[in-house]
Amino acid sequence: MDVVTDIDEMRLVSERKRAEGKTVGFVPTMGAVHEGHLSLVRRARELSDFVVVSIFVNPTQFSPGEDFRKYPRDLESDARAIESVGADLIFAPESRDMYPGGYATYIIVENLTKELCGHSRPTHFRGVTTVVAKLFAIVNPHMAVFGQKDAQQVAVVKRMVRDLNIPVTIEVSPVVREPDGLAMSSRNRYLTPEQRSSATVLYRSLCLAADSVASGVTSSNDIIRKVRSTIRKTDGAKIDYVYIVDPDEISHVERIGENALLAVAVWFGKTRLIDNIVLHGKKG
Ligand code: AMP
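Residues numbered from 1 in each chain as written. Predicted model: local features only at pLDDT ≥ 70, side-chain atom pairs only at ≥ 80, totals over all residues. Heavy atoms only, no water.

Caption draft 1: Representation of the site of the ligand in the model. Taken together, 17 residues surround the ligand, and among them M30, G147, D150, V176 and M184 come closest. At 2.6 Å, a side-chain N or O of D150 approaches an oxygen atom of the ligand. Between a nitrogen atom of the ligand and a main-chain N or O atom of V176, the distance comes to 2.8 Å. When residues of the shell around the ligand are traced back to their parent elements, those giving at least two are β2 (24-29), α2 (35-47) and β5 (143-147). Here the shell around the ligand takes 3 residues from α2, the largest share from any one element. Here the residues of the shell around the ligand are counted per class, giving 9 nonpolar, 6 polar and 2 charged. (Near = heavy atom within 4 Å. Polar contact = N/O pair within 3.5 Å; in protein donor to acceptor, adjacent residues only side chain to side chain. Helix = DSSP H or I, 4+ residues; strand = E, 2+ residues; numbered from the N terminus. Nonpolar A, V, L, I, M, F, W, Y, C, P; charged D, E, K, R; others polar.)

Below, the structure written as structure tokens:
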């Protein structure tokens, strides 16, 4: 598996592929690769000729006190997994090259970043949009694949690309789950066996909500109350948020219409997990 760490070399490879008439697909990740990441790589493989996967634990999207230092890093095993699903190249830049001394430029998407994860992680999305814009500028892909697992990130990246006229098509891939429904996440490995078993409440509560909507409930507050009470009954689970929002605007909705995003964030000990589902109410 080709691993490029140099920014200029990455730029050159992409330029060459474009000159050959190939389309470049891109999957940005922070490594600690699991089936969720691999599903995005497979999607990029289907949709483009040359597939680049970046592995970069981006310091600017972590706040002080978060898990930046202990975030799992294992380039060799990540590379094996990424190769097995047919990617062409891994781009793994160094932090000192991405953020050289005197680094001063950030991209901020307003409004959409205030709610949900914006409450407890106020500088997170500024780090995400900045690194994604930088990676787009270096890799220069035709398209990039992001996971619905991070639904607010999808809305924010789509808005950035639209607002800044960045010529990259954003493709969104569904949430990949463990057999018991827990959304795959690099952070699941932090969980103790007890926390791991409690964490199944996330998807269970999302499914209960979807069932309620299917049976005709349209009040966001009613759904939120039900989800909160289900999670509260679970050992060791501490709610960060449960919200129902418009999936594109990330603004609260009172009545569940055609598409409403139910998003949850819950602490299990020191590990914070997020999950979401799109609720489909009745049309009109
Ligand atoms: P990360 O390495 O956590 O920054 O994630 C890299 C990409 O993988 C993001 O677009 C995530 O949304 C996506 N991703 C992470 N977990 C999953 C999952 N369980 N299913 C689908 N996509 C995922």
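Caption draft 2: The sheet that holds strand β8 (residues 260-268), seen in detail. Strands sit in the order β7-β8-β9 across an open sheet of 3 strands; the sheet is antiparallel. Edge positions in the sheet fall to β7 (237-245) and β9 (271-279), since each has one partner strand and no second. Shown here is a sheet whose adjacent strand axes are inclined to one another by a mean of 15 degrees, direction ignored. Pairing analysis gives 9 bridges linking β8 to β9, with the strands arranged antiparallel. Within the sheet, the bridge partner assigned to L262 lies in β9 and is I277. (Pairing = 2+ DSSP bridges. Axes fitted to C-alpha atoms, helices over the stretch in contact; angles between N-to-C directions.)

Caption draft 3: Region of the structure containing the packing of helix α9 (residues 201-214) against helix α10 (residues 220-232). Contact geometry for α9 and α10: axes closest at 9 Å, N-to-C directions at 150 degrees. If you check the angle between α9 and α10, you find them roughly antiparallel. As for how α9 packs across α10, the hand of that crossing is right-handed. Contacts between α9 and α10 involve V201, S205, L208, A209, S212 and V213 from the first element and I223, K226, V227, T230 and I231 from the second. Looking at the contact of α9 with α10 residue by residue, the classes come out as 7 nonpolar, 3 polar and 1 charged. (Parallel < 35°, antiparallel > 145°, perpendicular 65-115°, else oblique. Left-handed = near helix turned anticlockwise from the far one by under 90°. Contact = heavy atoms within 4.5 Å.)

Caption draft 4: A look at the nonpolar core. Residues V52, F91 and F136 are the most contacted members of the largest nonpolar core, which totals 45 residues. The biggest single contributor to this core is helix α6 (residues 124-139), with 9 residues. Residue contacts for F136: discarding those within four places in its chain leaves F26, P141, A144, F146, V161, I166, V168 and I170. In this structure, L191, I223, A237 and I244 belong to the second largest nonpolar core, which totals 25 residues. (Core = buried A, V, L, I, M, F, W, Y, C linked by side-chain atoms within 4.5 Å. Buried < 20%, exposed > 50% of the residue type's maximum accessible area, 1.4 Å probe, protein only.)

Caption draft 5: Structural view of the pattern of salt bridges. Summed over all chains, the structure comprises 15 salt bridges. Taking the shortest distance from any N to any O, the salt bridge between E171 and R43 comes out at 3.0 Å. Placement of the pair is E171 in strand β6 (residues 169-173) and R43 in helix α2, with a sequence separation of 128 residues. One salt bridge connects R162 with D163, and the closest N-O pair in it is separated by 2.9 Å. Among the residues examined, D163 registers a relative accessible area of 42% and is labelled partly exposed. Salt bridges sharing common partners tie together K17, E20 and K22. (Salt bridge = Lys/Arg side-chain N within 4 Å of Asp/Glu carboxyl O.)

Caption draft 6: Quick look at α6. Over its 16 residues, α6 runs 22 Å from end to end, which matches the ideal 22 Å to within 8%, given 1.5 Å per residue. Among the 16 residues in α6, 14 count as buried, and that is most of the element. N140 sits one or two positions beyond α6 and adopts a positive phi of about 50 degrees. (Expected span 1.5 Å × (residues − 1).)

Caption draft 7: Expanded view of the side chain of S220. Examined against the element boundaries, S220 turns out to sit in helix α10. At 2.6 Å, the side chain of S220 forms a polar contact with the backbone oxygen of V253. Those residues in contact with S220 that lie beyond four places of it in its chain are I244, V253, E254, R255 and I256.

Caption draft 8: Structural detail: the packing of aromatic side chains. Enumeration over the complete set of coordinates arrives at 8 aromatic pairs. Measuring from ring centre to ring centre gives 6.5 Å for F136 and F146, while their planes differ by 75 degrees; the resulting arrangement is edge-to-face. One end of the pair, F136, is in helix α6; the other, F146, is in strand β5, with 10 residues separating them in the sequence. According to the relative accessible area criterion, F146 is buried, its value standing at 4%. Among the aromatic side chains, those forming a connected cluster through ring pairs are F56, Y99, Y103 and Y106. If you follow R73 out to its NZ or CZ, it ends over the ring of F68, 4.9 Å from the centre. Here the guanidinium or amino end of K134 rests over the ring plane of Y99, the centre of that ring lying 5.6 Å away. (Phe/Tyr/Trp six-rings, centres within 6.5 Å; stacked < 30°, edge-to-face > 60°. Lys NZ or Arg CZ within 6 Å of the ring centre and 35° of its normal.)

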